[in-house]
Amino acid sequence: MNKLLPLLACAALLPSCAPTFNALSRADRTPVPAPSAPLAAGQTWDVEGGSLAVGSRMTFRLTEIFETAPGVYSNLDAAGLLAAQRGRAPEGTTLFPAVSLNRLGQRLDFYWSENGTDYDCRLENATPNATRLTGRLLLSGSEFGGCTAQLR
């Protein structure tokens, strides 16, 4: 009987654990956005911006997403992102269009260069489920007009 008592006590307490186990199993099935949302590998973003005088359009195909610094995500590694932000690549390398998401400020930037002009489409308050955003277009660091980014 002494050996049977602990087993009976365990059996009596087991049903009280059911709500915890049920909550844990639901948590495993609930999709959680990636830490880099709204950016994800495989996405394509169409970005355009300008004013009445000048405009530009660029398509960004995101094959990979890197965490270039704590809370900062990009389609390029840290060196590639820095080059895109500066508008110039180190000698002997190519300047690629870049996307940067700063999770702290929820700011999304699309960088590209065209015909000697550096573009930055800056989008504030980028939410994880964003598919169309509007923001400010900066040319070589100065505000120039508006821009939009549309997820295809």
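What you see is a predicted model, and the numbers here were worked out from it, not measured in a lab.

Trainee: I'm lost on the overall build of the protein chain in this one. Help?
Mentor: Assigned secondary structure in the protein chain consists of three helices and nine strands. For the protein chain, the α and β elements follow one another from N to C terminus as α-α-β-β-β-β-α-β-β-β-β-β. Taken over 152 residues, the protein chain has a buried fraction of 33%. Element-wise, carbon and sulfur atoms account for 58% of the exposed surface of the protein chain, whose accessible area totals about 9600 Å².

Trainee: Can you walk me through the nonpolar core in this structure?
Mentor: One broad trend across soluble globular proteins is that nonpolar side chains are buried collectively. Residues Trp45, Phe60, Leu108, Phe110 and Trp112 are the most contacted members of the largest nonpolar core, which totals 23 residues. Taken together, the elements giving at least two residues each to this core come down to β1 (44-50), β2 (55-61), β5 (98-102), β6 (107-114), β7 (117-123), β8 (132-139) and β9 (142-151). Filtering out sequence-adjacent residues up to four positions away, leucine 108 remains in contact with Pro38, Leu39, Val99, Ser100, Leu101, Cys121, Arg122, Leu123, Ala126 and Leu133. Counting residues in hydrophobic clusters, the runner-up holds six residues, among them Leu76, Leu81, Ala98 and Tyr111.

Trainee: Whenever I open this one, the sheet that holds β7 confuses me. Can you help?
Mentor: Two strands in a sheet stick together by hydrogen bonds in their backbones, pointing the same way (parallel) or opposite ways (antiparallel). In spatial order, the strands read β2-β1-β9-β8-β7-β6-β5-β4-β3; together these nine strands make up an open sheet with antiparallel pairing. Each edge of the open sheet is held by one strand with a lone partner, namely β2 and β3 (66-69). Between one strand axis and the next, the sheet turns by 25 degrees as a mean value, whatever way the strands run. Two strands pair when backbone bridges link them, and β3 and strand β4 (residues 72-74) are joined in this way by three bridges, in the antiparallel orientation. What sits directly across from alanine 69, in β4, is valine 72.

Trainee: Teacher, can you tell me more about the state of the cysteines here?
Mentor: Linking two cysteines covalently via their sulfur atoms produces the bond known as a disulfide. For the structure shown, the criterion picks out one disulfide. Shown here is the disulfide that connects cysteine 121 with cysteine 147, its sulfur atoms set 2.1 Å apart. An S-S torsion of about 90 degrees defines the bridge between cysteine 121 and cysteine 147 as right-handed. With cysteine 121 in strand β7 and cysteine 147 in strand β9, this residue pair connects regions lying 26 residues apart in the sequence. Using a relative accessible area of 0% as the deciding quantity, one classes cysteine 121 as buried. Assessed through its relative accessible area of 3%, cysteine 147 is described here as buried.

Trainee: What exactly am I supposed to notice about the layout of surface pockets here?
Mentor: Any space left empty among the atoms is revealed by the rolling of a water-sized probe across them. Approximately 150 Å³ is the volume attributed to the largest pocket. Taken together, Ala84, Gln85, Arg86, Gly87, Tyr111, Asp118, Tyr119, Asp120, Arg122, Leu138, Ser140 and Gly141 make up the lining of the largest pocket. At the level of secondary structure, the elements contributing two or more residues to the lining of the largest pocket comprise α3 (78-86) and β7. For the lining of the largest pocket, the element with the most residues is β7, which contributes four residues. Among the residues forming the lining of the largest pocket, the class breakdown is four nonpolar, four polar and four charged.

Trainee: Which parts of the structure should I look at to understand the side chain of asparagine 75?
Mentor: Inspection of the secondary structure assignment puts asparagine 75 in the loop between β4 and α3. We classify asparagine 75 as buried; its relative accessible area is 12%. Of note is the side chain of asparagine 75, whose polar atom sits 3.4 Å from the side chain of serine 74. For asparagine 75, the side chain forms a polar contact with the main-chain oxygen of proline 97, separated by 3.3 Å. In contact with asparagine 75, other than residues within four places in its own chain, are Leu62, Glu64, Phe66, Pro97, Ala98 and Val99.

Reading guide: rules and limits
- Residues numbered from 1 in each chain as written.
- Predicted model: local features only at pLDDT ≥ 70, side-chain atom pairs only at ≥ 80, totals over all residues.
- Heavy atoms only, no water.
- Helix = DSSP H or I, 4+ residues; strand = E, 2+ residues; numbered from the N terminus.
- Buried < 20%, exposed > 50% of the residue type's maximum accessible area, 1.4 Å probe, protein only.
- Areas by Shrake-Rupley, 256 points an atom, 1.4 Å probe, with all protein chains shown as cover.
- Core = buried A, V, L, I, M, F, W, Y, C linked by side-chain atoms within 4.5 Å.
- Contact = heavy atoms within 4.5 Å.
- Pairing = 2+ DSSP bridges.
- Axes fitted to C-alpha atoms, helices over the stretch in contact; angles between N-to-C directions.
- Disulfide = S-S within 2.5 Å.
- 1 Å grid on protein atoms, 1.4 Å probe; cavity = no way out; pocket = protein on both sides within 12 Å on 5 of 7 lines; lining within 4 Å.
- Points joined across faces, edges and corners; volume = space filled by probe spheres on them.
- Nonpolar A, V, L, I, M, F, W, Y, C, P; charged D, E, K, R; others polar.
- Polar contact = N/O pair within 3.5 Å; in protein donor to acceptor, adjacent residues only side chain to side chain.

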